[in-house]
Amino acid sequence: MVSEFVFATVQYDSGDWDSAPLVPANIIDAVARYTSIPVRPSGVNVPLASPEIFGYPFAYLTGHLPVRFSEQERANLREFVERGGFLFIDDHNHDIDGAFHKTATEEIARTIEPLRELPNDHPLYRAFFTFEDGPPTTSHELNGWGDNLVHEHLLAVERADRIAVLYSNKDYSSEWSYHPDNKRFLSLDNTRFGVNIVVYALTH
Amino acid sequence: MTARERLARARTLLAAATVGAALLWALCAGMLVYGSLVVAALVGGRWIGSAVATGIAMAAAVTVGAAVAWRARRAWSGSHVALWIEERVPALRYALVTSLEPQTAGTAAALENRIAGTQWEPVIRSAAIRATGIPLAAAAMALVLLVALPALRRPLAAAARAPAGRLTSEGAPVPPVTRLSPLRVRVEPPPYSGLATQRLDDPAGIPALTGSRVVIRGPGRPPEMTATIGGRALDVTAAESEWEVLLIMPGRPAALRLATHAEERLIVLEPRVDSVPRVTLVRPARDTIYREAIGALSLRAEARDDFGLAELRLEYIVSSGQGESFSFRSGVLGTRSARGRATTTLDATARLDSLALRPGDIVHLRAVAHDRNSVTGPGVGYSETRMLRIARPDEYDSLSIEPLPPLSGDTGLLSQRMLIQMAEELERQRPRLSREAVVGESRRIAADQARLRRQVGEIIFMRLGGESSGEHSHEGESPEEHAVHAPPEGRLTPEQLLAAAEAATNRDMSEALDFHGDETPVVAINRPLLEAYNAMWDAGRELDIGEPDDALPHMRIALEAIQRARTAERIYLRGRAPAVIVDLARVRLVGKRDGVDPVSVRPRDDTRSDAVRRNERFAAALERLSAGDASAADTLALLRLDALTDAPALATAIGAAIEALRTGSDATDALVSSRRLLAGEVDTRRTLPAWSLSW
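Quick caveat, the model's predicted, so the values are computed rather than measured.

Engineer: How would you explain the overall build of chain B if you had to name every residue and give the values?
Structural biologist: Broken down by element type, chain B carries 18 helices and 21 strands. For chain B, the proportion of its 695 residues judged to be buried stands at 33%.

Engineer: Requested: an account of the overall build of chain A, with residues and values cited.
Structural biologist: Scanning chain A from N- to C-terminus turns up 6 helices and 7 strands. For chain A, the succession of helices and strands along the chain, N to C, is β-α-β-β-α-β-α-β-α-β-β-α-α. Looking at chain A residue by residue over its 204 residues, the buried ones come to 47%. Looking at chain A alone, contacts between residues at least 24 apart form 78% of all its contacts between residues at least 6 apart.

Engineer: Explain helix α15 (residues 610-626) of chain B to me, and be specific about the residues and the numbers.
Structural biologist: All names here are of chain B. The terminal C-alpha atoms of α15 lie 24 Å apart, and with 17 residues this matches the ideal 24 Å at 1.5 Å per residue to within 8%. Check the buried side of α15 and you find it contacts α16 (631-643) and α18 (668-679). Backbone geometry just downstream of α15 places G628 in the positive-phi region, at approximately 75°.

Engineer: Give a detailed account of the sheet that holds strand β11 (residues 254-259) of chain B, specifying residues and quantitative values.
Structural biologist: Residue and element names in this part refer to chain B. Strand order across the open sheet formed by 5 strands is β5-β12-β11-β7-β8, with mixed pairing between neighbours. Of all the strands in the sheet, just β5 (205-209) and β8 (232-234) have a single pairing partner and so form its edges. Strand after strand, the sheet turns through a mean of 30° between neighbouring axes, direction not considered. For β11 and strand β12 (residues 264-272), the ladder comprises 6 bridges, and the chain directions are antiparallel. Directly across from R257, in β12, lies its bridge partner L266. Packed onto the sheet, α16 meets β11 and β12 and runs at close to 15° relative to β12.

Engineer: Describe the pairing of strand β3 (residues 58-63) of chain A, listing the residues and the values that go with them.
Structural biologist: All names here are of chain A. The buried count for β3 comes to 5 of 6 residues, which makes it a mostly enclosed element. Examined bridge by bridge, strand β1 (residues 8-11) and β3 share 2 bridges and lie parallel to one another. Counted as the bridge partner of A8 is A59 from β3. Two strands pair when backbone bridges link them, and β3 and strand β4 (residues 86-91) are joined in this way by 6 bridges, in the parallel orientation. Across the sheet, residue Y60 finds its bridge partner in β4, namely F88. In this fold, the crossover linking β3 to β4 by way of helix α2 (residues 71-82) has right-handed handedness.

Engineer: Residues and numbers for the nonpolar core, please.
Structural biologist: Membership of the largest hydrophobic core comes to 57 residues, with the highest contact counts inside it found for A:V10, A:V31, A:A59, A:V165 and A:L166. Per-element accounting of this core gives the leading share, 8 residues, to helix α1 (residues 23-34) of chain A.

Engineer: Give a detailed account of the environment of B:Y533, specifying residues and quantitative values.
Structural biologist: Residues and elements named next belong to chain B. Examined against the element boundaries, Y533 turns out to sit in helix α12 (residues 521-544). Accessibility expressed as a C-beta count within 10 Å gives 31 for Y533, which makes it buried. For the pair Y533 and G457, spaced 76 residues apart in sequence, the C-alpha separation works out to 7.0 Å.

Engineer: So, the packing of α15(B) against α18(B): which residues are in play, and what are the values?
Structural biologist: Residues and elements named next belong to chain B. Axis separation between α15 and α18 bottoms out at 9 Å; the angle between their running directions is 155°. Considered as vectors, α15 and α18 are oriented roughly antiparallel to each other. The handedness of the crossing between α15 and α18 comes out as left-handed. Across the interface between the two elements, A611, R614, N615 and F618 from α15 touch S674, R675 and L678 from α18. Among the residues making up the contact of α15 with α18, the classes are represented as 3 nonpolar, 2 polar and 2 charged.

About the cut-offs
Residues numbered from 1 in each chain as written. Chains lettered and ligands numbered in written order. Predicted model: local features only at pLDDT ≥ 70, side-chain atom pairs only at ≥ 80, totals over all residues. Helix = DSSP H or I, 4+ residues; strand = E, 2+ residues; numbered from the N terminus. Buried ≥ 20, exposed ≤ 12 C-beta atoms within 10 Å, placed from the backbone. Contact = placed C-beta atoms within 7 Å. Expected span 1.5 Å × (residues − 1). Pairing = 2+ DSSP bridges. Axes fitted to C-alpha atoms, helices over the stretch in contact; angles between N-to-C directions. Right-handed = clockwise from strand over helix to strand, strands pointing away. Core = buried A, V, L, I, M, F, W, Y, C linked by C-beta atoms within 7 Å. Parallel < 35°, antiparallel > 145°, perpendicular 65-115°, else oblique. Left-handed = near helix turned anticlockwise from the far one by under 90°. Nonpolar A, V, L, I, M, F, W, Y, C, P; charged D, E, K, R; others polar.

This is the structure in structure tokens:
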């Protein structure tokens, strides 16, 4: 029985699932820093095709390359969501025309249901810290990387008034992929939204 | 008017005067009795309740009124009135009394004539005035006595609506006597403050200077009686026939919890803090630099304190040296004993040459005042520090600022995606535009496309060792014109770059002038960008001749190539992901000592604002109040304790509400005031920005 929060990164056969290797440590650091949630000091990598995925209520999936789930992966993802799991998908490309975005959103639509825009006054944005304007922007958006767009909303699939799949075009994977020791150089910790995501996932 | 008629009129007047006198005496008696009951309650500490007191006062009033009326009952009798008039008007010679008996016609006429010649009305009027004037004056005096005297006004007002219980000297009836009520409190401020001892009757809170000796007494014996402040138990001793608690007023607001086995009571301790002295260094007024350490320096400092100053002095520190080698010396330039005065001033003169100052030395001047606080102090106040520097001979005496010219232009290149959108828009509008307009707009897009192409060329070659592509800005030139510019040795011409691009995209291998044989590093590393560069050339050509529809396919190829290049750049060449293990103890600042495991982190403090939390607590108290829960007063007391430090107005309003609740009077006004203070000021915001007003 897992009694502490474990950050699980989803492994999938296609694409580069481990393109943001420092995000787990950084979010673990933020959860430990701001909350009293018991947390395991290192994350785990869990194959989506494995039943181990059901042991973790929160899972993180990212990458740059096209996503194609196997049938087993689709079945597990469907069951993971139905069992109450929370999957956070972040497009590491930050590009609405990118290969990851197109294929990942198609896979989610095929496996669960189409993603919809999440309103910016959703409880997610007040789950721990308050983000009045919805999802915080990333430096990659503001500096013109990717599609030159600042995405106003996140996307989501909701199940029974809770988010089951949260999808981001904002490239938090780039924004948060640095060693947590370097957080001290930031005037404002940009991983605070990660705390909201984790707290929301654990409380809804 | 006959004698009988005049007599009847006199009787009516006397009867009315009698009734008025009875009512006035009754009113007077009622007021005096009620006031006496209040005074008796103040003296004896027992209050019988407003209803009972009113009843007693009414009974007294009725009794007195009835007695007066009974005593003057003969005013309703005509014969008695006639005798009363005969007694006071001898000139009637009993004609009036005789006229009331049956008479013969002749006798009656004679009597009428005698009576008609006599005036008794003035006697009647003066008697009526006398009968009503005296009780009227007495009633007025009683009213003035009860209402006008400050010492009785509040007790009367409070008693008028109070239930049975006790009545304090403040006029507040309190619940029946228990071991926790009424309380008598004696506050002895610390001697240095010079304040007098204060006595409080059954207070909800005790305001006192920090360090004051507070003695609380209550009815009954101390056994099974506890007194605690923040979990710390106080001794409860016996004093005469009462229990007694002695405490020293703490530095921060606290709640004194008194409890017996049957009841509990909270008393809010409201410390008044002795402020530190406020010190101002009047002269010198600002920092300055002296060329030489000569002359006299006039100094002046002022200080004030709430309970009296002990001393004011002027201090200095001289720092000498530079770099990492400094030395310091300090001293006092003047001292003045304030002897407990609330304000004092110190004037002094310092001779700079007596301070043995050298060039580069800095004199730090400040004034320091001590108060007489012997309990938590002494409080020490400091003025601002002035710095007087002695200039070095070799230092600059002026500052030169050279303006920096604006940075060279930030061109703000348009992205390929935006150029495509512009070309598409131009193509949509083309049917409505003249040929000249289409060509002009198309060439403007071509110029931007050329700028972007040069940017791509720069990226390609800068990555191969910092070399520029050699393509410089020649706006509006055709490739042929551009070719006449001979590039410096070692750099590529645009044509060579184009050839490399075409070679990279397999369009014309024979023209790859510089790259015979194996693929060059330029091609190997930059294939997608070279393809983009090539497509941009084609797009630029089409745009230059005003054919945006033909340019668009090339522009899209360029965009796609850029995307591919960027995707290629972002792919990680990775092995195993680094395993970062977060040091939770360090992150949570719980540390680790001598092998002891980190303690679990405590929940963070409530991040909601004080106002929000107080609003919630206030709402909870109101709910309990409406449900008749007696603990509502304690909730309000704790809320008041919380507000004492930073919201004194709120604390006062809540205090008034608690007092009203304790006395059983209407607390609505105080609660409304508290809620308004909790809500804070109304925050109004303009719905339109200022600039919109001009629209």
